[in-house]
Amino acid sequence: METKETLFDFLQQQSGKLLEQTLTHTGLTFISVLLAVAIGVPAGIFISRRKKISGLVLGFAGVMQTIPSIALLGFMIPLLGIGPKPAIVALFLYALLPIIRNTYTGIQGVDATVTEAATGMGMSRRQLLYKVQLPLAMPVILAGVRTATVINVGVATLAAYIAAGGLGEFIFGGIALNNTNMMLAGAIPAALLAILFDWLLSLLQHINIRKTRKMVYLLPLIFLVLSSFYLLPDTYRGKMLAGFTPEFMGRKDGYLGLRSVYGLHMRTLVISDMIMYKAAYEKKLDVISGSSTDGRVKAFDLVVLEDDKHIFPPYYAAPILRNTTLIKYPALAPALNRLAGRINDSIMTELNYQVDYLKQNPETVARDFLRSQHLLQPAGSGKGGTIRIGSKIFGDGYILASIYKMLIEGYTDYAAVTKTGLGGTKIVFDALTNDQIDLYPEYTGTGLLVLLKTPQHVTDSIIGDKQKVYEYVSQAFKKEFDIVWLTPIGFNNTYALMMRKTDAEKWHINNISALTDFVNKRQ
Amino acid sequence: MIKLDHVFKNFGPQKNAVNDLSLEVADGETLVLLGTSGCGKTTTLRMINRLLEPDSGHIYVNGKEIRQLAPETLRRNIGYVLQNTGLFPHYTVSENIAIVPSLLQWDKATIQQRVITLMDKLHLPPVEYADAWPQQLSGGQQQRVGLARALAANPPVLLMDEPFGALDPLTRISVRREFKALDELSNRTIILVTHDVEEAFELGSRICLMNEGTIQQLGTPLELLRRPANEFVAAFLAPQRLLLELKTLKIKDLWPWLPHQHGPGHTTALSADQNCWEAMEAVISQPVLVQYAQEQKILDGSGLMQAIAAWKN
C-alpha cells in the first residue's frame, strides 16, 4: 500500500510552482487594482462634480460588477485574446465599481460646511480637492480599494482559465484531477492572500488620518512593486507555446507523461478547454491538449498528432451508475445499453462539431442521431420514477446526457432529467456517489487514472489494451464504490496533442516524437 | 468700502431671493443684516465673496467691482466666519488658523507668530490648544478658532454668517461679549448676518432689516426704534421693543432729560456710554453718580424712568 501524499508533501514538491503562481496571482491582483485606482479615483472625483452623469457612470460600473466573472473573461477573449491582457482588463473592470463608488461617496460625504469654508477662504478647486476633499474622503476611498483587492484576489483564480496563470492553476487542476492536495495548494494560499491584503489595507485605513497623508503617496508605489511580480516568472519568449488544460497539466497520461516518456519540455500555459482550440487557431498557442473527438478539431483546422509511444490510455465512454440504482430501476440497464457500440470516433466528432461549432442544441443533435439510428421512440408515461442524468461540462457529456434521456423515456416508464455542466470529474463523480445524480457517462481512462488512483505498475501493465482497462475498471469500481460500468458506447475520446494543420505540414510533424525533436532543436 | 448696487438674485422662477438691493458699508463699520430665515440676508452675504453670483447689479469691495478679481484673490482678502465653523477636522487648531496665510504664501515664521498672537487674544492658550484637534474643543472654543481663522490674514473685511447661531444661549452671550471687546475687530469692516434681534442691536453700528429680498429699513439701532420705516419694521421689533430700547439707549442719549440732582458722598459708578439696562441694574440698590461733558448728575430709579419716558415722547 502506497502512503497517501499529504498536502505538506505536495507543497514541498511544488514549492517553486507555488511561489510562481502566488507571485503571478499577487501581480494580477495589484496591476488591475492599480489601474482601477488610476481610472476609478479620477472618475469618482469627476462625477462628484457633475452629479448628472454620476448615475450613468455608477450604473455602468455596476453592470460590469453583475456580469459573472467567467463570462466577463469570456467576453474579453475575442477582443484581447488569451493571457494576461484580457485577465487584467476583466479584473480591472471588477475593481472599478467599488473604487469609483467609494471615491464618489467619500467626497460627497465631506461636510458641506467644511467645503464651503474652504472655498470661502479662497482655495482653488484644486486646493480644495487635494487639501480637503481627498484627505477627508481617504478612509472611504481606501475601503473601496480594500474591497476591490479582496474581490480581485478571488476573481483572479479564474484567470487560469484564460492562460493568465495564478493560483487558479492549482485549484482547477485539483478539481479536474480529483486531487484535493493540489486544490488546497491553490485555494489556501488564495484565501490567505485575500486575508493578508485585507488586513494590511485595513491597517492603512485605520491609521491616524494625518499619517495617511504620507501613506497616500506610498500606496501606489507599494502597488507598483506588487504589480511587477507578474513580470518575474515570464522568462521564455519567442518559443513554441503550448496551452494545456489544468487537468492535462497534472496527469500522468498528460503533460507529466509527455515530459517523462517523450522528454518534451516546452513553455506551457494553463488554459480552459473552452477557448483553447480557438486560441490555437488564432496562433495564440502553437500546441494544445485536446480530446480526439472534439468537434473543434474539425472546425479550427487542427491536426491530431499521433501518440507513437502510447502514453494516452484508452478513454472509452460508458455510463456508470450505483448498483443500488440498477436494482431499484431494473429496466434502466437494457435501455442504456441500446447505445452500446453505436457511436465511433468519427460519429462523435461529427456530433460534437454540430454542437460546439455549429451551435446546434445538444437535444436536437441527440434526437436527429437517434432518429437516424432508428432508436427514437415517443416518451413513455414517466410514472415509474425519475432518473437524474449528470454530465461533465464538455460537448460529449451534453449530447450523451440528452441521448440517454430520450432512451430512458422511450424504452422505460421512467422520467429522466438532465443535470449537465457539473464541471470536472471530481464534481460529477461526487454527485454520483452522494446520490445527487443517478448516472453519468465516464471514460475508462479517467476511471483508471483519476478516480481509482491505480498503482503505477498496474497501469503500465494494462494501459495498452482497451479491453483490459475496461475490465479492471469495472471490477475495481464495483469493489471500491459499488458502482457499475455498463457497456462502452464505442468511441475513444482520448487525450491528444494537436496543432495547426499548416504548421504540422510546414515542419513535417505528424507525431509527438517529431514534435519533441522539433521543440528541442529550436531551443 | 463695500457697495451693493441694484443687486438681484433668484434661485427659482417665482420669487427673487434678493430683489433690487442697494447699500453701502463704510470703513470700520459693523453692518448687521437682520431678518427671518429666507429673507435673503445670507444670499446677500454670499454674493459679496462670490460664493454666489448675482443675476444682475454690481458689488464693489474697496472701490473695485468684484467680478474683476479672481474669486480666490477676492476671498483671501475677506474673512469668512460660518455658523457651524467649518473647521477642517484633519487640521489642528493652529493649522486651521494658518490656512489663509498659507494660501497667501506668507513665510512660516510670520504665520507662526500670527497664529500665536490670535490664539492669545482669543483666550486659547497656544500651549494647550495649538496641536489640539477641532473635535476636542467646546462649541464656543471652536467658534473662536473659526474667528481666528477668518482674522488670520488681516483681512480688511469680515463676513460673518450667524457666527453665534450654533451656540447655546449662555455661551453665545459670553462669546459675543468677547467679540465686542476684541481689538482685532475694531477697525474692520464687518457684515454680520443674524436672525437674533438682540444680537443685531448689541453688535451693529447699523442694522439692515430685510424681508423677502428687500431692505425694509437701514439705519442705526436707535433710528430703527424711534422711526420704524413701515409696519413691518414696527411689528418685527415690537415683541422686544422695551428691552431693545433699554439696551440701545445710552445714558448720554438721555442726558438732557435727566434731572439735576446734587448730593455728597456718591462715587462715580457709571460711564455715560453705558446703556439704560446697565444703569437700571446699578441704580436698583442706590443712586449713582454719572459724569458727562464736565457735568455731574446723580442718577436714581425714578429719574431714569422719567428720562426714558421723556425721550420716547
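The preceding data block contains the structure.
Residues numbered from 1 in each chain as written. Chains lettered and ligands numbered in written order. Predicted model: local features only at pLDDT ≥ 70, side-chain atom pairs only at ≥ 80, totals over all residues. Heavy atoms only, no water.

> Hey, could you run me through the overall build of chain A in this one?
Scanning chain A from terminus to terminus reveals 25 helices and 10 strands. Here the C-alpha coordinates of chain A stretch approximately 90 × 60 × 45 Å along the principal axes. Of all 523 residues assigned to chain A, the portion counted as buried reaches 55%. Element-wise, carbon and sulfur atoms account for 59% of the exposed surface of chain A, whose accessible area totals about 22,800 Å². Here chain A contributes 51 positive and 39 negative side-chain charges, whose respective centroids are spaced 11 Å apart. (Helix = DSSP H or I, 4+ residues; strand = E, 2+ residues; numbered from the N terminus. Buried < 20%, exposed > 50% of the residue type's maximum accessible area, 1.4 Å probe, protein only. Areas by Shrake-Rupley, 256 points an atom, 1.4 Å probe, with all protein chains shown as cover. Lys, Arg positive; Asp, Glu negative; His and termini not counted. Charge placed at Lys NZ, Arg CZ, Asp CG, Glu CD.)

> In this structure, what is going on with the interface of chain B and chain A? I would like to understand it.
In many reports, interface size means the accessible area that the parts give up when they come together. Across the contact, 23 residues belong to chain B and 19 residues belong to chain A. A buried area of about 1,800 Å², summed over both sides, lies between chain B and chain A, and 65% of it is on carbon and sulfur atoms. When the buried area of chain B at its contact with chain A is split by residue, B:F88, B:H90 and B:L103 rank highest and sum to 30% of it. With a closest N to O distance of 2.5 Å, A:E116 and B:R46 form a salt bridge. Inspection of the region where chain B meets chain A yields 5 residue pairs in polar contact (both at pLDDT 80 or more). Of all the secondary structure elements, the ones that give two or more residues to the side of chain B that touches chain A are α2 (71–76), β6 (78–81) and α4 (99–103) of chain B. The residue makeup of the side of chain B that touches chain A, split by class, is 12 nonpolar, 5 polar and 6 charged. (Contact = heavy atoms within 4.5 Å. Buried area = accessible area lost by both parts, 1.4 Å probe. Salt bridge = Lys/Arg side-chain N within 4 Å of Asp/Glu carboxyl O. Polar contact = N/O pair within 3.5 Å; in protein donor to acceptor, adjacent residues only side chain to side chain. Nonpolar A, V, L, I, M, F, W, Y, C, P; charged D, E, K, R; others polar.)

> Can you walk me through unusual backbone geometry in this structure?
Phi is mostly negative for residues that are not glycine, and the peptide bonds are mostly trans. In this structure, A:H310 is a non-glycine residue whose phi angle is positive, near 50 degrees. Its location among the elements puts A:H310 in the loop between β4 (302–304) and β5 (317–322). Residue B:R50 is not a glycine yet carries a positive backbone phi of 65 degrees. The topology assignment puts B:R50 in the loop between α1 (41–48) and β4 (56–61). For B:R50, a relative accessible area of 14% translates into the label buried.

> Please explain the side chain of B:E199 as it appears in this structure.
Tracing the chain through its elements places B:E199 in helix α9 (residues 197–203). Excluding its chain neighbours within four sequence positions, the residues that come into contact with B:E199 are B:F164, B:R172, B:R176, B:L192, B:T194 and B:G204.

> Just to check I follow, could you spell out the packing of aromatic side chains for this structure?
Here a ring pair, both rings aromatic, is described through the centre-centre distance and the interplanar angle of the planes. Residue and element names in this part refer to chain B. Inspection of every chain in the model, using the stated rule, returns 21 aromatic pairs over all chains. One residue, R226, lies across the ring of W311, its end atom 4.5 Å from the ring centre. Looking at K297, its charged tip hangs above the ring of W255, at a distance of 4.5 Å from the centre. (Phe/Tyr/Trp six-rings, centres within 6.5 Å; stacked < 30°, edge-to-face > 60°. Lys NZ or Arg CZ within 6 Å of the ring centre and 35° of its normal.)

> I'm lost on helix α12 (residues 241–248) of chain B in this one. Help?
Because the α-helix completes a turn every 3.6 residues, residues three or four places apart line up on one side. Regarding α12(B), the residues found buried are B:L244, B:E245, B:L246 and B:T248. Buried positions along α12(B) lie against α9, α10 (221–226), α11 (231–237), α13 (251–254), α14 (276–283) and α15 (301–312) of chain B.

> Can you help me understand the nonpolar core in this one?
Soluble, globular proteins show a tendency: their nonpolar side chains are buried together. Residues and elements named next belong to chain A. Counting residues in each nonpolar core, the largest one holds 83 residues, and the members touching the most others are I82, F223, I271, Y277, L285, I288 and L302. Per-element accounting of this core gives the leading share, 14 residues, to helix α5 (residues 84–108). Contact partners of I82, with chain neighbours within four places excluded, come to I77, I162, A163, I271, I275, A279, K284 and L285. In this structure, Y315, L321, L336 and M499 belong to the second largest nonpolar core, which totals 82 residues. (Core = buried A, V, L, I, M, F, W, Y, C linked by side-chain atoms within 4.5 Å.)

> What exactly am I supposed to notice about the packing of helix α2 (residues 15–49) of chain A against helix α7 (residues 125–155) of chain A here?
In a pair of packed helices, the angle between the axes and the distance between the axes together describe the arrangement. All names here are of chain A. Between α2 and α7, whose axes approach to 10 Å, the crossing angle comes to 140 degrees. The orientation of α2 with respect to α7, classified from their angle, is oblique. At the point where α2 passes α7, the crossing takes the right-handed sense. Seen from α2, the contacting residues are H25, T29, F30, S32, V33, V37, V41, I45 and R49; seen from α7, they are R125, L129, L134, I141, V145, A148, T149, N152 and V153. When its residues are assigned to classes, the contact of α2 with α7 shows 11 nonpolar, 5 polar and 2 charged. (Axes fitted to C-alpha atoms, helices over the stretch in contact; angles between N-to-C directions. Parallel < 35°, antiparallel > 145°, perpendicular 65-115°, else oblique. Left-handed = near helix turned anticlockwise from the far one by under 90°.)

> Whenever I open this one, the packing of helix α8 (residues 168–177) of chain A against helix α9 (residues 180–206) of chain A confuses me. Can you help?
Residues and elements named next belong to chain A. Viewed as axis vectors pointing N to C, α8 and α9 meet at an angle of 155 degrees, and their least axial separation amounts to 7 Å. Relative to α9, the element α8 is oriented roughly antiparallel. Crossing hand, α8 versus α9: left-handed. Of α9, the residues touching α8 (which contributes F170, I171, G173, G174, I175 and L177) are M182, M183, A185, G186 and A187. Across the contact of α8 with α9, the residue classes break down as 8 nonpolar, 3 polar and no charged.

> Which parts of the structure should I look at to understand the sheet that holds strand β1 (residues 241–244) of chain A?
In a beta sheet, neighbouring strands are held together by backbone hydrogen bonds and run either parallel or antiparallel to one another. All names here are of chain A. Read across the open sheet, the 5 strands follow the order β2-β1-β3-β10-β4; overall the sheet is mixed. A single partner strand is all that each edge strand has here, and the edge strands are β2 (267–270) and β4. With direction set aside, neighbouring strand axes in the sheet form an average angle of 35 degrees. Note: strand β3 (residues 287–291) against strand β10 (residues 495–500), 5 bridges, orientation antiparallel. What sits directly across from S291, in β10, is Y495. (Pairing = 2+ DSSP bridges.)

> Help me out: how do you make sense of the pairing of strand β7 (residues 157–161) of chain B in this one?
For a regular strand, side chains alternate in direction, first toward one face of the sheet and then toward the other. All names here are of chain B. Here β7 lies mainly inside the structure; 5 of its 5 residues are buried. Covered by surrounding structure in β7 are V157, L159 and D161 together with L158 and M160, the residues of both alternating faces. Taken together, the 4 bridges between β6 and β7 define a ladder with parallel strand orientation. Of the residues in β7, the one forming a bridge with G79 is L158.

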